[in-house]
Number of protein chains: 4
Amino acid sequence: MSDDTLARLAAVIEGRHPAAGGDAATSYVARLFSKGTDTILKKIGEEATEVVMAAKDGDRTRIVVETADLWFHCLVALAHFGLKPADVLAELQRREGLSGLDEFALRKAQQRFDSGESA
Amino acid sequence: MSDDTLARLAAVIEGRHPAAGGDAATSYVARLFSKGTDTILKKIGEEATEVVMAAKDGDRTRIVVETADLWFHCLVALAHFGLKPADVLAELQRREGLSGLDEFALRKAQQRFDSGESA
Amino acid sequence: MSDDTLARLAAVIEGRHPAAGGDAATSYVARLFSKGTDTILKKIGEEATEVVMAAKDGDRTRIVVETADLWFHCLVALAHFGLKPADVLAELQRREGLSGLDEFALRKAQQRFDSGESA
Amino acid sequence: MSDDTLARLAAVIEGRHPAAGGDAATSYVARLFSKGTDTILKKIGEEATEVVMAAKDGDRTRIVVETADLWFHCLVALAHFGLKPADVLAELQRREGLSGLDEFALRKAQQRFDSGESA
């Protein structure tokens, strides 16, 4: 397992951008980019649903496959917005560093307060 | 920045499992584990929707934050099923190795055929 | 506007079930039924994402179209499980009758308590 | 049991809008309205996921309850954008009238063509 699977995959994805010479006729990723934001985001909704269904089946092989699909399409979305997986990993590291994930609870509590959902 | 971030974070998450001594009274992650599959999976649906909304706003900071949330809860789901981020990264590497992401198109075409959606 | 658009539509959908003579070669609904639970449920995740995206665009025409798609696929899912829209409407009426929607808040508060999300 | 259920429920929901005197301190719906678009849309993603999970369990009672939740939050979203359930029912009737749901297949095929997904 390399240290930079996500970074390498992101580089491949970026190379499929039409602006980088990606060809929508032959590349699935180039096609996603050329179709634009809604097509890319729709895949995130779809793949998240597939992760949920695989998990409800307790099918560990499919959980891995569908999570890979979900993360892959997240990488496409990140690239579409000029972002990199390193940005997401930095955010995850930042939280981990705060105090062993406690900020997750903190952030969630704050969100619920802001959204009024816990009232 | 590396895949080690995900592995390290997964280790922290695993340490919060009630079976590993995680305390639902003080840890958000322990609470997710103790509530079980549906609570964990519901977060994946929620966070995917938040990624979509942040992206529709073109808000790059929120895209990073919400993608971090989504991946984080994927790590919780993976741990819940005895899986590791390395399993997902291996699946992503496997596809990359096949022929530069072409298998994504292949797999998707097959899925559409299987599901009858492209008919 | 008829009083029973949903009931009538559900009857048409039920008539497309392979068991009722629906033909997957010519009918989209028959094809969904023949592909089974996951194909039907995946559409609910997809269409929900499309409602969210249309709403983020503030595009009222698309909000209506995508909500129609979402409800339509809910009707297919209900039929797949031997349920009818009347079952859902009865549940909605029951809550309304309790005290003007207050039970929604009640139910949600209870859910949050059960799931530990508000803790 | 009739579409009147949805119209009546929509009227109750509209009455909870802060502009109509709804009080976020006591009403869940008023609180959703006051929190705005993202809070409302997030609920659609959440409830869609809950429908999927209930259906994966084959739990017919929960399928009904969660579909009611999903439709309810769709009604809130419609009201938030000045739309009514009658608008959605009219769209469903329009398609049914075209030729017994065939337009659903048509529309989907067109969508897939537009999005390049079937290519």
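Residues numbered from 1 in each chain as written. Chains lettered and ligands numbered in written order. Predicted model: local features only at pLDDT ≥ 70, side-chain atom pairs only at ≥ 80, totals over all residues. Heavy atoms only, no water.

Enquirer: Sorry if this is basic, but what is going on with the overall build of chain A here?
Expert: Of regular secondary structure, chain A possesses 6 helices and 0 strands. Along chain A, helices and strands appear, N-terminal first, in the series α-α-α-α-α-α. Counting all 119 residues of chain A, 58% fall into the buried class. For chain A, the accessible area works out to roughly 4300 Å², and carbon and sulfur atoms hold 53% of it. (Helix = DSSP H or I, 4+ residues; strand = E, 2+ residues; numbered from the N terminus. Buried < 20%, exposed > 50% of the residue type's maximum accessible area, 1.4 Å probe, protein only. Areas by Shrake-Rupley, 256 points an atom, 1.4 Å probe, with all protein chains shown as cover.)

Enquirer: Mind showing me how you'd approach the interface of chain B and chain A here?
Expert: You'll often see interface size given as the accessible area lost when the parts meet. Every contact between the two is made by 62 residues of chain B and, on the other side, 62 residues of chain A. Across the interface of chain B and chain A, roughly 5700 Å² is buried in total on both sides, 69% from carbon and sulfur atoms. Linking chain B to chain A there are 12 residue pairs in polar contact (both at pLDDT 80 or more). Contributions of two or more residues to the side of chain B that touches chain A are made by helix 1 (4-15), helix 2 (28-35), helix 3 (37-56), helix 4 (60-80), helix 5 (85-99) and helix 6 (102-115) of chain B. Considering every element that reaches the side of chain B that touches chain A, the biggest residue donor is helix 4 of chain B, with 15 residues. (Contact = heavy atoms within 4.5 Å. Buried area = accessible area lost by both parts, 1.4 Å probe. Polar contact = N/O pair within 3.5 Å; in protein donor to acceptor, adjacent residues only side chain to side chain.)

Enquirer: Sorry if this is basic, but what is going on with the environment of Ala19(B) here?
Expert: Residue and element names in this part refer to chain B. Relative to the helices and strands, Ala19 is located in the loop between helix 1 and helix 2. With a relative accessible area of 72%, Ala19 lands in the exposed category. In this structure, the C-alpha to C-alpha distance between Ala19 and Ala79, residues 60 residues apart in sequence, is 12 Å.

Enquirer: What's the story with the packing of helix 2 (residues 28-35) of chain D against helix 4 (residues 60-80) of chain D in this structure? I'm lost.
Expert: Residue and element names in this part refer to chain D. Direction vectors running N to C along helix 2 and helix 4 enclose 50°, while the axes themselves pass 11 Å from each other. Comparing their axes, helix 4 and helix 2 come out oblique. The way helix 2 lies across helix 4 gives a crossing that is right-handed. Where helix 2 approaches helix 4, its residues Tyr28, Val29, Leu32 and Phe33 are matched on the opposing element by Phe72, His73, Val76, Ala79 and His80. Each residue belonging to the contact of helix 2 with helix 4 can be placed in one class, and the counts come to 7 nonpolar, 2 polar and no charged. (Axes fitted to C-alpha atoms, helices over the stretch in contact; angles between N-to-C directions. Parallel < 35°, antiparallel > 145°, perpendicular 65-115°, else oblique. Left-handed = near helix turned anticlockwise from the far one by under 90°. Nonpolar A, V, L, I, M, F, W, Y, C, P; charged D, E, K, R; others polar.)

Enquirer: When you look at helix 3 (residues 37-56) of chain C in this model, what are you seeing that I'm missing?
Expert: One turn of the α-helix equals 3.6 residues, which is why residues spaced by three or four share an orientation. Residue and element names in this part refer to chain C. Along its 20 residues, helix 3 runs 29 Å from first to last C-alpha, staying within 8% of the 28 Å computed at 1.5 Å per residue. Burial analysis of helix 3 places 18 of its 20 residues in the buried class, the great majority of the element. Residue Gly58 follows helix 3 closely and has a positive phi angle near 65°. (Expected span 1.5 Å × (residues − 1).)

Enquirer: Just to check I follow, could you spell out the relation of the copies chain B and chain A for this structure?
Expert: Note that the two copies of the chain are related through a rotation about an axis and a translation along the same axis. Superposing chain B onto chain A takes a rotation of 180° combined with a translation of 0.0 Å along the rotation axis, leaving an RMSD of 0.0 Å. Both copies are brought into coincidence by an operation consistent with a two-fold rotation axis. When you check the interface residues of chain B against chain A, 100% turn up at the interface there too, and the contact is symmetric in its surfaces. (Least-squares fit on C-alpha atoms with pLDDT ≥ 70 in both.)

Enquirer: Looking at this model, I keep getting lost on the confidence of the model for chain A. Mind explaining?
Expert: Any segment with low pLDDT has predicted coordinates that should not be analysed in fine detail. All names here are of chain A. Per-residue pLDDT for chain A has a mean of 85; in total, 78% of the residues score no lower than 70. No element of chain A has a lower mean pLDDT than helix 6 (residues 102-115), which averages 53, and none a higher one than helix 3 (residues 37-56), which averages 98. Per the prediction output, this complex has pTM 0.87; the corresponding ipTM is 0.85. (pLDDT = per-residue confidence, 0-100.)

Enquirer: For this particular structure, what's the right way to read the state of the cysteines?
Expert: Linking two cysteines covalently via their sulfur atoms produces the bond known as a disulfide. Tallied over the entire structure, the rule returns 0 disulfides over all chains. The thiol of Cys74(B) is not disulfide-bonded; the next cysteine sulfur, from Cys74(A), is found 7.2 Å away. (Disulfide = S-S within 2.5 Å.)

Enquirer: Help me understand the pattern of salt bridges, please; the structure alone is not making it clear to me.
Expert: Side chains that differ in charge, positive against negative, can pair when their charged atoms come close. Under the defined criterion, the tally for this structure stands at 54 salt bridges over all chains. Asp38(A) is the salt-bridge partner of Lys56(B), the closest N and O atoms lying 2.6 Å from each other. Of this pair, Lys56(B) sits in helix 3 while Asp38(A) sits in helix 3, which puts the two residues in different chains. Look at the salt bridges and you will find they share partners, linking Asp38(A), Lys56(B), Asp57(C), Asp59(C) and Arg62(C) into a network. (Salt bridge = Lys/Arg side-chain N within 4 Å of Asp/Glu carboxyl O.)

Enquirer: I would appreciate a short explanation of the environment of Ser27(C) in the present structure.
Expert: Residue and element names in this part refer to chain C. Tracing the backbone through its elements, the reader meets Ser27 in the loop between helix 1 (5-15) and helix 2 (28-35). In this structure, the C-alpha to C-alpha distance between Ser27 and Val64, residues 37 residues apart in sequence, is 23 Å. Among the polar contacts listed, one links the side chain of Ser27 to the backbone nitrogen of Val29, at a separation of 3.2 Å.

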